[in-house]
Amino acid sequence: MPIKAIGSQRCIIDSRETAATLLYSTDSGKIIEIYNELVPSVDDPRLKLFDVEDFEDVTPKVILPGLVDSHVHLNEPGRTDWEGFATGTRAASSGGVTTVVDMPLNAIPPTINVANFNTKLKAAEGQLWCDVGFWGGLVPGNLKDLIPLVKAGVRGFKGFLMDSGVPEFPPIDKCYIENAMSELSNSKAMVMFHAELDTGSQETSHDNHHQETDSCQYDSFLASRPDRFEFDAISLIIDCLKKSMAANSGKGPSVHIVHLASMEAIPLMRQAHKDGLPITAETCFHYLSLAAEKIGKGATFCKCCPPIRNEKNRLALWEGLRDGSITSVVSDHSPCTPELKQLEKGDFMSAWGGISSVGLGLPLLHTVGSTLNPSVSLMEIVKWCCENTAEQVGLQHRKGHLRIGYDADFVIFDPNAKQRVTNPTVYFKNKLTAYNGQELIGIVQRTILRGLTIFDVSHGGPSKSPLGKPILEPREH
Ligand SMILES: NC(=O)NC(NC(N)=O)C(=O)[O-]
Ligand SMILES: [Zn+2]
Ligand SMILES: [Zn+2]
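Thresholds applied
Residues numbered from 1 in each chain as written. Chains lettered and ligands numbered in written order. Predicted model: local features only at pLDDT ≥ 70, side-chain atom pairs only at ≥ 80, totals over all residues. Heavy atoms only, no water. Pairing = 2+ DSSP bridges. Helix = DSSP H or I, 4+ residues; strand = E, 2+ residues; numbered from the N terminus. Axes fitted to C-alpha atoms, helices over the stretch in contact; angles between N-to-C directions. Contact = heavy atoms within 4.5 Å. Near = heavy atom within 4 Å. Polar contact = N/O pair within 3.5 Å; in protein donor to acceptor, adjacent residues only side chain to side chain. Areas by Shrake-Rupley, 256 points an atom, 1.4 Å probe, with all protein chains shown as cover. Nonpolar A, V, L, I, M, F, W, Y, C, P; charged D, E, K, R; others polar. Donors = N, O, S within 2.8 Å, 3.2 Å for Na, K, Ca; no water. Tetrahedral: all angles 85-135°; square planar, octahedral: opposite > 155°, others 65-115°. Buried < 20%, exposed > 50% of the residue type's maximum accessible area, 1.4 Å probe, protein only. Core = buried A, V, L, I, M, F, W, Y, C linked by side-chain atoms within 4.5 Å.

A look at the sheet that holds strand E8 (residues 131–134)
Sheet strands pair via backbone hydrogen bonds, and the direction of the pair is either parallel or antiparallel. Strands sit in the order E6-E7-E8 across an open sheet of three strands; the sheet is parallel. Of all the strands in the sheet, the pair left with one neighbour each is strand E6 (67–72) and E8. On average, each strand axis in the sheet is tilted by 25° relative to the strand beside it, whichever way the strands run. Across four bridges, the pairing between E6 and strand E7 (residues 97–102) is parallel. Across the sheet, Leu67 pairs through a bridge with Val97, a residue of E7. Running over the sheet, helix H2 (residues 85–94) touches E7 and E8 and is turned about 140° from E7.

This is the structure we're talking about:
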């Protein structure tokens, strides 16, 4: 059982930066020992104890736990021209992501029942460069499929309260939400929502027929999806959760708001936490790094739903993240073919909504976080992108931390090196991102998954063969 060792003066272990030496098995893929100091050499008796033959001191680079990106649309099978398991998971590995959890939609068939899930798993075979978990879908008529999908190994479910953008994944209503929460209230499966709801209670710009809006102007799109949509959706979800708990002697499913984009929803999350409700929220790299004021005419590669809002909102999301109202940061990597982005026409209202960024998050947050006061620490990024996302997906017993017995998932990160994002060099299939030309501080040098190198910037990038596995253990956390 070959035991290897890796160390640095800078390791992020349980919310602190410390010198450490990590011993791990390439057979079991687990961390088997951690010394809270950097051993001087491979001859150190503490390494001899384990017959370690390979020890690497990577100082001054930082060793972080592998990132868990719980919101990625890999879109295979069915829309494999939009992404695919191989390109999406290679892109993830390039950014220190050792686990992604694949969304139930844009693939055809969507993951709304066990038969469709098995079709997806077949398509994934031999194509995973990182570990991949799976979300199921909440759609009208599939309530009876939820528990069988939990038993088949999905981590939870996502549903939309508005059009999802794809016809085979229709939105759900209050009645369905209440029934799904009741169905899942005794399972560990997480119930997640795309929280935008148009109650029609107030005019939005696309209702104002008399007012001509230019659909190539970002503000026209922004005005069509106001903060109120998120506020009303999250209010409804919280009401349904309270009702579900009341009907089940105070116990409800864990609920999660995906891609929270509006600062106006933050007080709702704060109050829900004060009320002790089992609800969390994520935001995304693009909401923390981009602002409406800077999105030019026709820049449809910045279109996503909910929309990127203004600079004041962006800073408020950082505050919500730092005070715990928002618990995690993910990519919501939602690619499509260039044609669907309508780059020539630049029509925000008809272009596909989704931003591609899987694998860019760590340097992005490190760069943008350095402009805040106080600047964002690597400990915070690990909390938001490793620890809290691992807990969200029920893998906090094996992922998200550098701990003995956990998967040997490491990122070797150079926090001072600079890189420039350019569309041709990104690893995802459709080489279009909202960060083209942007200089980032920080480079992922290497990504190690269960003790095996899946990405090495000095050895051609992604590993020659796919070393990732599907995560299908029924959720117990
Ligand atoms: N069908 C999608 O991929 N939708 C996604 N699109 C975004 N966020 O713009 C999402 O997460 O809602
Ligand atoms: Zn969504
Ligand atoms: Zn999404």
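As for the site of ligand 1
Taken together, 16 residues form the shell around ligand 1, and within it Asn106, His194, Cys305, Asp332 and Ser334 come nearest. Within the contact set of ligand 1, an oxygen atom lies 2.8 Å away from a side-chain nitrogen or oxygen of Ser334. Within the backbone of Gly353, one N or O atom sits 3.1 Å away from an oxygen atom of ligand 1. For ligand 1, the protein covers 98% of the area, taking 320 Å² as the surface of the free molecule. Each residue belonging to the shell around ligand 1 can be placed in one class, and the counts come to five nonpolar, nine polar and two charged.

Quick notes on the coordination of the zinc ion (ligand 2)
For the zinc ion (ligand 2), the full set of protein donor atoms is Lys158 (NZ), His194 (ND1) and His259 (NE2), and the range of their distances to it is 2.1 to 2.3 Å. Between the donor residues of the zinc ion (ligand 2), the gaps in sequence give the motif K-x35-H-x64-H.

Digging into the coordination of the zinc ion (ligand 3)
Around a metal, the ideal angle is 109.5 degrees if four donors adopt a tetrahedral arrangement and 90 or 180 degrees if six donors adopt an octahedral arrangement. Distances from the zinc ion (ligand 3) to its protein donors, namely His71 (NE2), His73 (NE2) and Asp332 (OD), fall within the range 2.0 to 2.2 Å. If you look at the zinc ion (ligand 3), its four donor atoms make angles of 84 to 126° with each other, and the shape they trace is irregular. Taken as an interatomic distance, the gap from the zinc ion (ligand 3) to the zinc ion (ligand 2) is 4.0 Å. Residue His73 is found in the loop between E6 and H2, and its partner Asp332 is found in the loop between strand E14 (328–330) and helix H11 (338–341); the two are separated by 259 residues along the sequence. Under the relative-accessibility criterion, His73 is labelled buried at 4%.

Describing the sheet that holds strand E9 (residues 136–138)
Ordered by their spatial adjacency, six strands build an open sheet running E9-E10-E11-E12-E13-E14, and the pairing between neighbours is parallel. Each having just a single partner strand, E9 and E14 make up the two edges of the open sheet. Taken pair by pair, the neighbouring strands of this sheet meet at an average axis angle of 30°, ignoring direction. Here helix H8 (residues 266–274) sits on the sheet in contact with strand E12 (254–258) and strand E13 (279–284), set at roughly 150° to E13.

Things to note about the environment of Gln9
Mapping Gln9 onto the fold places it in strand E1 (residues 3–13). Using a relative accessible area of 44% as the deciding quantity, one classes Gln9 as partly exposed. Along the sequence, Gln9 and Val62 sit 53 residues apart, while their C-alpha atoms lie 7.8 Å from each other. Setting aside residues no more than four positions away along its own chain, Gln9 makes contact with Thr18, Ala19, Leu38 and Thr59.

Quick word on the pairing of strand E15 (residues 410–420)
Pairing of strand E5 (residues 62–65) with E15 involves four bridges; the strand directions are antiparallel. Across the sheet, the residue bridging to Val62 is Phe413, located in E15. Alignment of E15 against strand E16 (residues 439–449), held across eight bridges, turns out to be antiparallel. Bridge pairing in E16 places Gln419 opposite Leu440.

What about the nonpolar core?
Ranked by internal contacts, the top residues of the largest apolar core, which has 105 residues, are Phe193 and Leu260. The element best represented in this core is helix H7 (residues 227–246), accounting for eight residues. Beyond its immediate sequence surroundings of up to four residues, Leu260 is in contact with Glu230, Ile234, Ala265, Ile266, Met269, Ala281, Glu282, Thr283, Tyr287, Leu317 and Ile326. In terms of nonpolar packing, the next biggest core, distinct from the first, is built from 20 residues, Val68, Met192, Val258 and Val393 among them.

Considering the side chain of Ser164
Summarising the element assignment, Ser164 is placed in the loop between strand E10 (156–160) and helix H5 (174–184). When its relative accessible area of 11% is taken as the criterion, Ser164 is described as buried. Within the structure, Ser164 has its side chain in polar contact with the backbone oxygen of Val166 (distance 3.1 Å). If sequence neighbours within four positions are ignored, Ser164 has contacts with Leu105, Phe169 and Trp352.

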